[in-house]
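Geometric and topological summary
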Amino acid sequence: MSIKRGLARLAQTTPRKLDVASVRGALPGGLRETEHGALHLIDEYLEPRHHHGRTPIASALQVSTERLAQLALNPELESIDLRRALFFDTETTGLAGGTGTVPFLIGIAWFEDESMRIQQLFLPEMGKEAPMLHWLRERVQQSSCVVSFNGKAFDWPLLRTRFVLNRVPAPSLPPHLDLLHCARRVLRPRLQSVRLVELERKVLGMYREDDVSGALIPQLYFDYLDGGDISPMAKVIEHNANDLIALAALVAELVGHFDEVHGSDDPRDHLAYAKVAERTGDPARARSFAVAAANGGGEARCTVEACLLSARMARRGGEIDDEERALLGALEAADTDELRAGVRVALAKFYEHRRKDLARALEHATGTALAEGEAAAERRVNRLRRRLSS
Amino acid sequence: MSTVGGETRAARQPFRRVDEPWARLRGAEEVLERWQSNGTFRNVTWSHRVDPHAASFADMPEGLAPSVRRALHGRGIERLYSHQAQSFELASKGKHVVVATPTASGKSLCYNLPVLQALASDPSATALYLFPTKALSRDQEEALRAFMRDAELSIGAITYDGDTPVDARRAARQRAGLLLTNPDMLHAGIMPHHTAWARLFSNLKYVVVDELHTYRGVFGSHLANVMRRLLRIARFHGSSPTFLFASATIGNPQAHASRICGEPVELIQDSGAPTGPRQVLVYNPPIVNAELGIRQSYIKTAVRLTRDLVRAGVPTLVFGNSRNGVEVMLKYLRDRLARDHIEPSAIHAYRGGYLPDTRRRIEAALRAGEIRCVVATNALELGIDIGALDAVVCAGYPGTMAGLWQRFGRAGRRRDLSLSVLVSSSNPVDQYVARHPRQLVSAPIEHARIDPDNIEILIQHLKCAAFELPFEPDDVYGDVPDDALGEALDYLANNGVVHPTSTSAGSIYHWASDSYPANNVSLRSASWDNFVIIDLDGSRTIAEMDWRSTHTMLHEQAIYQHEGAQYQVERLDFENHKAFVRRVDPDYYTTAMTHSKVNVLEQDEHATIDLGEVPLEAGLGDVSVVEKVVGYKKIKFHTHENVGYGEVHLPEMEKHTSAFWLTFSEDFVQSQPEPRAIVVDALRGLSKAMHVVGAVGLMIDPRDLGRTLGSRNEDEAPPGKGQGPGFDPTIFLYDSVAGGIGLASRLYEEREELLRRARHLIETCECEEGCPGCIGPDASDGDEPEAARKKLVLALLDAVGVSATH
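What this report covers is the structure whose coordinates are included nearby.

The rules behind these values
- Residues numbered from 1 in each chain as written.
- Chains lettered and ligands numbered in written order.
- Predicted model: local features only at pLDDT ≥ 70, side-chain atom pairs only at ≥ 80, totals over all residues.
- Helix = DSSP H or I, 4+ residues; strand = E, 2+ residues; numbered from the N terminus.
- Buried ≥ 20, exposed ≤ 12 C-beta atoms within 10 Å, placed from the backbone.
- Contact = placed C-beta atoms within 7 Å.
- Pairing = 2+ DSSP bridges.
- Axes fitted to C-alpha atoms, helices over the stretch in contact; angles between N-to-C directions.
- Nonpolar A, V, L, I, M, F, W, Y, C, P; charged D, E, K, R; others polar.

**Here's the deal with the overall build of chain B**
A count of helices and strands for chain B gives 25 helices and 31 strands. Residue burial in chain B is summarised as follows: out of 806 residues, 51% are buried. For chain B, long-range pairs separated by at least 24 residues make up 73% of all intrachain contacts whose partners lie at least 6 apart in sequence.

The structure is reproduced here in structure tokens:
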């Protein structure tokens, strides 16, 4: 079978694509000449008081960069200038990644005074990526950090590929704050899903109307390329702008609530913040969030975990009475044998090593098997008995 | 040395206690003497001594980097074999090279030396090694790392495949100077992300393709396209690599290598490595039923011969042609050798379906000598280094001479005698070989055939290529002509997977689909599409199987054999590619019965064969082939009698391919004195003979050629029967590979010669009424045909004027 014959055969069996009716209007934004070619740019400012849901987005500028660095587990972010933070998000021709997935809309945003400036770089036809990439490159180079949602795993590797393919030198990336990871750290225990749309609803109180579904976006772009109606593409552009705004609002909320204890927050959030603080060597903050979590009236498991964390922090500070109080608080909160066993391990250790009160240690050691296993529990009990009798 | 002595010694000294593994210097000679004296040789149709071959050396090349020279010195290598030196010299000049020398002739040094030289002189240079299997990459990785360490090269050699951990993957992308992988991973895991591999591609100096002979048919056609894509990507990154191929013996190594990489390639095929003498035997089991031409079981015969060898302490490798065959032989060998106090664990199976862990365990036990006999399908052809073996027994002809010599090549020492035995089955091609054994050394060896332009394969890879880089107006894709490439891209554009953008120079085609095309393209049937086989007792995966085999091997109620144990398939989940099996202990195994039907889609060529009183219509064109498993037979172990049937309900498999056909008119059939059914059965017999001589004539694996007897016009043939009155019986011989790789058109061109050779085969066959070696045994299942089938076939050929040429 020759190639041409084979093609004819294949063409018989596969339906031809239907022509899309050509009803076009004008996309928002317009062409701007750059030294690397024409760029379709949508450029706008938001009001200084713009709210996303209930969050004024300019409050993102007020957050503590120390907290931000802690939350991101990245010390590089500690002294960054938030006024030069670049928020970015892309809309792509697919989720597969690799060289054949094209970001056809690159949204970038930053603050100018209290206003957010949003620029969206749109690819009006395939192959005209160079002006977009140069524009992005310059913006990235001026920034103190970049902020994204899942950009570390998805958007940035994709963009790096585009730089290589289009032979545009990729900018070296400043510190990268990926809010997906922060959100996971803080909100996973409370929210089942930390997808952006869930966070918007449950954290920012924002419900989008008439939003396009992300899954449809690649096809909408292909339809646009084939000469279809432009109004769906206008919606995609709006969707992307909203994602950028949501990034700023999330920074404000996630970091703001870490700066000081908000009594009305969920104890699970407090506990999660306490853990981040513990992990980043901030025992005082860890303790105050742990105390808030313990007193938050949450589920027993959360309270117990918070008390134990609080006890660990007290020990660090050498506050033995506080440590004891926290541990006993944990025991009181524990409502299952398994939880109690875990607490009793901590108590047995506490009385044996800290208080040197072997009798009370033994009292607790008799109920630890569920947490540390029969064998370890037996060894502990035997040791304590031996020491008591000697 | 007496035979008895050999047996006594074996009995006194259980093998598991032998410290020096497989070390019996005169074992093979002894067994040979014994076979000569005990009558075994009566059934040997050919005994051929391949003479030893002395070494031919060459000096170390002058330009060789001192550190590489030192590394060789450390390995005791002071001179090279002539072919190794030749390869170094050509590669250094930037010529593409294919080395086609026998197994164990030191082929890997032929490519490793130029590569190491390149790395030693340019630390930024990179090389890509392709092996057909993961196991081979791992083997080579170990050896290469040691070699590179000794050559003081700090550049890493990293295997990148499905088993590579995430951390090592990053290291591979960023640092590997030498990347070892397989074509599938290159195709789906590396090239679609080539920007992440910029370091590798922009410095790519060599592409090494080992085991070139395995890339034939569909797999080879895919590989050629993968290479077209690779070269496009290399060009984008500014490199132009030199190809180094290594191949086992095939008829056309140079042309084949050149077809794979799309450029002229230099051939090296004179080996400078020494080989010891080899005794080749072709053993044709005696006839037990002369009427039906049925011979003693070749499986049992192979088991008996292997038992003689293993008892005499000869490390032996047994090859079967099917998984079933391997498992049956394994069971028999373990049973029989237990009587000689040889532990069952000393005899092991080795096959592709095993999971990687199992395979590695077996390879290690082989090297350690704990295993003394291995029963394998073709997995070991791939050159995994398992140490010195003294004998190879092939149960059944592997389908090609090249394949047979590759199997024989697994045994062989530098000095001592090795033994290679082919036990022929009743299969027609086996019988042809057993009766014309001299062809094994005198006839030209098979060509590896591929068709990179096979439309189904080409289109799939064009999608992948468009995903990797947009097609520019002046883009080159292998040797596909510009206009055909343009049409193919327009076809893709019409189907909405690429988007054309007009420019003054022509159209640019960008990938425009929310998908990752490489994931939908499997380079071989045995990869992503595998079915997993799950043991219901214990819920563990025990093996995987290529989906094409599932219809015949994993239908419900089938007995699946694995590591000598039997499992029954309880459920086949076709959608999720899972088969659920349970351990059973039956006294039978199953074999599937298939039915295939051909429907002509388009006739390209047509001719009348007008040799005698009745003309014949011959045609060539595109057909659709529908294959369906209709049922299975239960075959009793040991006696091999048929003890029952069962039905199978599985979806049909359809493919489009090229076919050659030969139509006998209904009038001609009616004009015969015999009843219609008998005439049609005779024509079916003729088709079998044509299939045999066709496969032998084209020097191909018979499985690459499909055969059926049906109607020229589908509507007239009752489905599943093809014997009703009123249709013109038509013999179809078709390319088994979808899209075809050009076999049918060769048959069409040689149609008259094909008929003459078929006649010659039938006339010279010693059977009375048809046997598997010519027109096949009578398949009428009880309805005794009245006429003598063979005579009838010859009479039909007389009527159409076909007389033998020989």
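**Here we look at the pairing of strand S16 (residues 373–376) of chain B**
Residues and elements named next belong to chain B. Burial of S16 is two-sided: the residues Cys373 and Val375 facing one way and the residues Val374 and Ala376 facing the other way are all buried. Taken together, the 4 bridges between strand S14 (residues 316–319) and S16 define a ladder with parallel strand orientation. Note that in S16 the partner of Phe319 across the bridge is Ala376.

**A word on the sheet that holds strand S22 (residues 540–545) of chain B**
Paired through backbone hydrogen bonds, the strands of a sheet run either parallel or antiparallel to each other. All names here are of chain B. Ordered by their spatial adjacency, 5 strands build an open sheet running S22-S21-S25-S24-S23, and the pairing between neighbours is mixed. Both outer strands of the open sheet, S22 and strand S23 (559–562), are each paired with one neighbouring strand and no more. Within the sheet, the average angular offset between the axes of one strand and its neighbour, ignoring direction, is 40°. Here strand S24 (residues 565–573) pairs with strand S25 (residues 578–584) via 7 bridges, running antiparallel. Directly across from Arg571, in S25, lies its bridge partner Phe580.

**Things to note about the interface of chain A and chain B**
Between chain A and chain B, the residue contacts involve 27 residues of the former and 34 residues of the latter. Contributing elements (two or more residues each) for the side of chain A that touches chain B: helix H1 (3–13), helix H4 (151–165) and helix H7 (217–225) of chain A. In terms of residue count, the dominant contributor to the side of chain A that touches chain B is H1 of chain A (7 residues). Residues belonging to the side of chain A that touches chain B are distributed by class as follows: 12 nonpolar, 10 polar and 5 charged.

**Quick notes on the sheet that holds strand S9 (residues 176–178) of chain A**
Residue and element names in this part refer to chain A. Taken in spatial order, the 7 strands make up an open sheet running S1-S2-S7-S6-S5-S8-S9, and their pairing is mixed. The sheet is open, and its two borders are formed by strand S1 (30–34) and S9, each paired with just one other strand. Averaged over all pairs of adjacent strands, the angle between their axes in this sheet comes to 30°, without regard to strand direction. Note that strand S6 (residues 103–112) and strand S7 (residues 115–122) share 8 bridges and pair antiparallel. The residue bridging Gly107 from the neighbouring strand is Gln120, located in S7. Where helix H3 (residues 130–141) meets the sheet, it contacts S1, strand S2 (37–45), strand S5 (85–92), S6, S7 and strand S8 (145–148), and its direction lies at approximately 50° from that of S2.

Fair warning: the whole summary comes from geometry, so function is off the table for now.
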